[in-house]
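# Observations on chain architecture
Below are the chains, spelled out letter by letter.
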Amino acid sequence: MTLLALVLLLLALSGCSSEVVDDFTQTCPRFIANPGGTLSPPTVFKEKNYKQICQILNNTYEYATLYDTANRIPVYSAYKFEGRKGCDRKGNWYIEPQLEDQRYGPKMASESNVTQINNQAVNADYTGTSTHHFVKGHLAPVLHATSQSSANATFTLTNAAPQNNKFNNGKWKKTENVVAKTLEKKCKGNSAYIVTGVVPGPDKLKNRVRIPSHFWTAYCCLDNNLQMKASGAFIGENKNDPVKKMSVKNLDRKLSDEYGKVFRVFGGKCN
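Remember, it's a predicted structure, so these values are computed and weren't measured experimentally.

### Focus on helix α5 (residues 171-186)
In this model α5 runs 22 Å from its N-terminal to its C-terminal C-alpha over 16 residues, within 8% of the 22 Å that 1.5 Å per residue would give. For α5, every residue scored as buried is listed here: Trp172, Thr175, Glu176, Val179, Ala180, Thr182 and Leu183. Buried residues in α5, looked at end-on, bunch into an arc of 165°, giving them a common side. Facing away from the buried side of α5, by more than 90 degrees, are the exposed residues Lys174, Lys181 and Lys185.

So, in structure tokens, the structure goes:
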């Protein structure tokens with residue numbers, strides 16, 4: 001048995017999965033807001049370095065991610081919010097083998113199972129960086145996970161970007177709590193969708209992983225008739241300064257300026 005064949009067998013036996021797909025509106029559409037019954041995904045950049053991932057654990061899709069293999073960080077993760085569940089943090093970080101070679105199949109894995117890793121971050125990129133003020137910052141966070149399995153699935157480096165450690169445990173953590181409390185109050189009994197992302201900055205971590213200049217998040221609540229009930233957005237620089245609250249429409253404008261091309265969080269809807 002060849003080394004690759006053995007690795008593929010081990011990955012097939014693993015419960016952790018994520019799948020690089022052509023279109024996550026086809027493969028894992030449940031994480032995409034559908035106001036008025038029309039799927040309205042965040043903008044998907046068309047360049048080849050952007051990969052769509054349906055994140056799976058134990059054969060269940062948990063959220064969707066657009067990943068940038070050039071900068072080795074996600075652009076955003078999209079997921080549903082069903083209230084805070086008090087999930088534990090397991091802390092075992094995985095990578096996405098399919099970003100290196102499609103033959104690996106749709107399985108998350110530890111780094112030791114992949115022979116060469118060029119297209120994504122690895123744990124060593126973050127080793128020792130907390131002393132330089134950066135940690136792995138979740139996009140889809142444990143706080144918003146719908147179950148313990150969902151929480152475990154957030155621990156993939158395709159769902160994390162370098163985040164200022166004080167921001168991570170300060171203003172951004174507060175923002176995640178504000179979003180959760182808002183949706184628990186305004187969207188109870190309805191469907192809540194969240195998209196959380198980053199804006200690439202000018203610097204790199206260990207000359208490999210792009211450090212975001214900003215973190216952002218937006219939510220859209222739809223009632224049982226798929227009409228918008230509530231929406232809102234936040235964006236903050238990657239330092240422990242106050243996070244700005246704004247409308248989804250204004251976040252679309254801000255992100256279009258930051259990315260240098262048109263970007264719509266909910267397909268131009270949920271404004």
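From this point, the narrative continues.
### Comments concerning the pattern of salt bridges
Following the criterion strictly, the structure yields eight salt bridges and no others. Ionic pairing is found between Glu237 and Lys239, a salt bridge with its closest N-O pair at 3.8 Å. According to the relative accessible area criterion, Glu237 is partly exposed, its value standing at 42%. Taking relative accessible area as the criterion, Lys239 reaches 37% and is therefore assigned partly exposed. The partner of Asp241 in a salt bridge is Lys239, and the shortest N-O contact between them spans 3.7 Å. What makes Asp241 partly exposed here is its relative accessible area of 37%. Members of the salt-bridge network, linked through shared partners, are Glu237, Lys239 and Asp241.

Cut-offs and rules
- All residue numbers refer to position in the chain's written sequence, counted from 1.
- Per-residue local features of the predicted model are confined to residues with pLDDT of at least 70, and side-chain atom pairs are confined, for both listing and counting, to 80 or more; whole-chain, interface and lining totals are unaffected and use all residues.
- Only heavy atoms go into the side-chain values, all of them from the structure, while hydrogens and water stay out.
- Helix and strand labels come from DSSP, where a helix needs a run of H or I of at least four residues and a strand needs a run of E of at least two; each type is numbered from the N terminus.
- Expected helix span is taken as 1.5 Å per residue step, with the number of steps being one fewer than the number of residues.
- Accessible area is worked out with a 1.4 Å probe on protein chains only. A residue is then buried under 20% of its type maximum, exposed over 50%, and partly exposed in between.
- Our arc is simply the arc of the directions from the helix axis toward the C-beta atoms.
- Basic side-chain nitrogens of Lys or Arg form a salt bridge, by our definition, when they fall within 4 Å of a carboxyl oxygen of Asp or Glu.

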